[in-house]
Amino acid sequence: MNNTGLRLKEKNLASYYLVKTAIFKSNMKATFKKLMKNPTAVIGGILVLAAVVIAFLGPAFVPHDPVKADLRAILLPPFWMEGGSFANILGTDHLGMDIFSRIIAGARLSLLVGFLTVSISIVIGTSLGLVSGYIRGPVDAFISRFADLLLAFPWLIFALGVMAVLGPGFGNLVFALTFKGWVGFFRVVRGEVLAQKTREYVEAAQALGQGSTNIMLREILPNVLNSVLVLGTLRMGFMIIMEASLSFLGLGIPYPEPAWGSMVNVGRPVMLTAWWVSTFPGLAILTLVLSINLLGEGLRDVFDPRLKEID
């Protein structure tokens with residue numbers, strides 16, 4: 001290619017990316033405005049932001065060590081009940097550990113498990129979905145069959161089996177949830193890639209001489225991120241429920257670490273006489289997961305292409 005042809009190609013590429021950037025910025029502004037008009041997304045976002053602030057700043061201000069037992073203060077009730085005090089505003093458990101301090105510390109643990117498992121699942125599932133959907137052939141067949149094999153196992157049973165083999169612990173828990181967590185993102189991204197690869201903008205990028213990697217990462221990926229974002233938000237609440245379930249069964253975060261699921265479990269034997277031991281961690285799980293789901297539902301309403309067509 002002579003210098004004139006090379007300069008013309010570079011000029012076409014520059015114009016192409018300039019137009020593409022302008023369209024992207026315009027779409028982002030429109031999406032943000034629509035998001036702000038969605039009360040579900042706004043309420044969910046505020047609650048999630050509050051949970052994140054409490055999780056990462058709260059442990060510095062909690063009144064007690066969340067894993068320190070005090071046998072002189074066993075099963076103290078909340079402050080508004082007879083025998084309670086402001087020193088333990090939500091009461092204590094069977095070892096005298098302060099429930100309020102443990103709930104605040106447990107928020108960080110739950111959010112960290114949810115964030116890590118979803119982030120790793122997004123990276124793996126999105127990468128495999130891009131490659132599988134764009135390249136097709138034997139690679140697509142192998143990855144798709146492996147994903148179908150994992151889907152044959154119910155989530156909780158699969159996680160229970162993995163944790164029973166590996167044993168309780170934070171790292172093992174993240175691995176167990178991630179091992180199957182990528183499949184949902186893979187299926188969504190693969191389907192989106194199959195639909196996007198025949199669009200005009202992909203053909204234009206191919207005509208400009210871009211390679212497959214460039215097309216997947218710079219052209220197709222930005223157009224499937226909306227679906228990934230919505231699924232990731234909704235899946236984070238699910239991962240927190242899974243962590244709490246496994247911890248409740250003794251296969252997640254081991255007691256006395258401040259995991260909400262194990263806190264609910266230790267309160268079962270005294271549920272009728274010391275209801276606060278299980279109730280407050282359970283309400284914490286309910287509030288956090290509900291907040292994340294509200295945000296996810298709001299994002300789905302904004303980003304769902306079918307709803308855009310209806311509007």
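Look up: the structure comes first, before these words.
Attention in this report is confined to the structure presented alongside it. (Residues numbered from 1 in each chain as written. Predicted model: local features only at pLDDT ≥ 70, side-chain atom pairs only at ≥ 80, totals over all residues. Heavy atoms only, no water.)

## Re empty space enclosed by the protein
So, point 1. Applying the stated criterion to the full structure yields one cavity of 30 Å³ or more.
So, point 2. Volume-wise, the largest cavity comes out at about 30 Å³.
So, point 3. Lining the largest cavity, in full, are D93, I99, R102, Y255, M263, V266 and V277.
So, point 4. Listing elements by their share of the lining of the largest cavity, those giving two or more residues are α3 (99-135) and α9 (260-266).
So, point 5. Here the lining of the largest cavity is composed, by residue class, of five nonpolar, no polar and two charged. (1 Å grid on protein atoms, 1.4 Å probe; cavity = no way out; pocket = protein on both sides within 12 Å on 5 of 7 lines; lining within 4 Å. Points joined across faces, edges and corners; volume = space filled by probe spheres on them. Helix = DSSP H or I, 4+ residues; strand = E, 2+ residues; numbered from the N terminus. Nonpolar A, V, L, I, M, F, W, Y, C, P; charged D, E, K, R; others polar.)

## What to know about the nonpolar core
So, point 1. Among the nonpolar cores identified, the biggest contains 61 residues, and I99, I103, L177, I220 and W260 are the most heavily contacted of them.
So, point 2. Considering every element that reaches this core, the biggest residue donor is helix α8 (residues 212-248), with 13 residues.
So, point 3. In this structure, L177 is in contact with V113, T117, W155, A159, M239, M242, E243 and L246, ignoring residues within four places of it in sequence. (Core = buried A, V, L, I, M, F, W, Y, C linked by side-chain atoms within 4.5 Å. Buried < 20%, exposed > 50% of the residue type's maximum accessible area, 1.4 Å probe, protein only. Contact = heavy atoms within 4.5 Å.)

## Let's talk about the packing of aromatic side chains
The way to describe two aromatic rings as a pair is by their centre distance and the angle between their planes.
So, point 1. Using the criterion set out here, one finds 11 aromatic pairs in the structure.
So, point 2. Here W80 and F280 contribute two aromatic rings whose centre-to-centre distance is 6.2 Å and whose plane-to-plane angle is 85°, an arrangement assigned as edge-to-face. Taken as a pair, W80 in the loop between α2 (39-57) and α3 and F280 in helix α10 (residues 276-303) lie far apart in primary sequence, 200 residues in all.
So, point 3. For F280, a relative accessible area of 13% translates into the label buried.
So, point 4. The interplanar angle of 15° and the centroid separation of 6.1 Å between the aromatic rings of F146 and W182 together place this pair among those described as stacked. Residue F146 is found in helix α4 (residues 137-151), and its partner W182 is found in helix α6 (residues 170-196); the two are separated by 36 residues along the sequence.
So, point 5. Aromatic rings pair up to connect F79, W80, F86, W275, W276 and F280 into one cluster. (Phe/Tyr/Trp six-rings, centres within 6.5 Å; stacked < 30°, edge-to-face > 60°.)

## Here we look at the pattern of salt bridges
So, point 1. For the coordinates displayed, the defined rule picks out five salt bridges.
So, point 2. Across the pair D70 and R72 runs a salt bridge, and its minimum N-O distance is 3.3 Å.
So, point 3. Overall, R72 belongs to the exposed group, its relative accessible area being 79%.
So, point 4. Among the ionic pairs, D140 bridges to R190, the shortest N-O distance being 2.7 Å. You can see D140 sitting in helix α4 and its partner R190 sitting in helix α6, a full 50 residues away along the chain.
So, point 5. For D140, a relative accessible area of 5% translates into the label buried.
So, point 6. Salt bridges linked by common partners bring R136, D140 and R190 together as one network. (Salt bridge = Lys/Arg side-chain N within 4 Å of Asp/Glu carboxyl O.)

## Details of the environment of N265
So, point 1. By the element assignment, N265 lies in helix α9.
So, point 2. Its relative accessible area of 21% is what places N265 among the partly exposed residues.
So, point 3. Along the backbone, N265 and A244 are 21 residues apart, and their C-alpha atoms lie at a distance of 9.8 Å.

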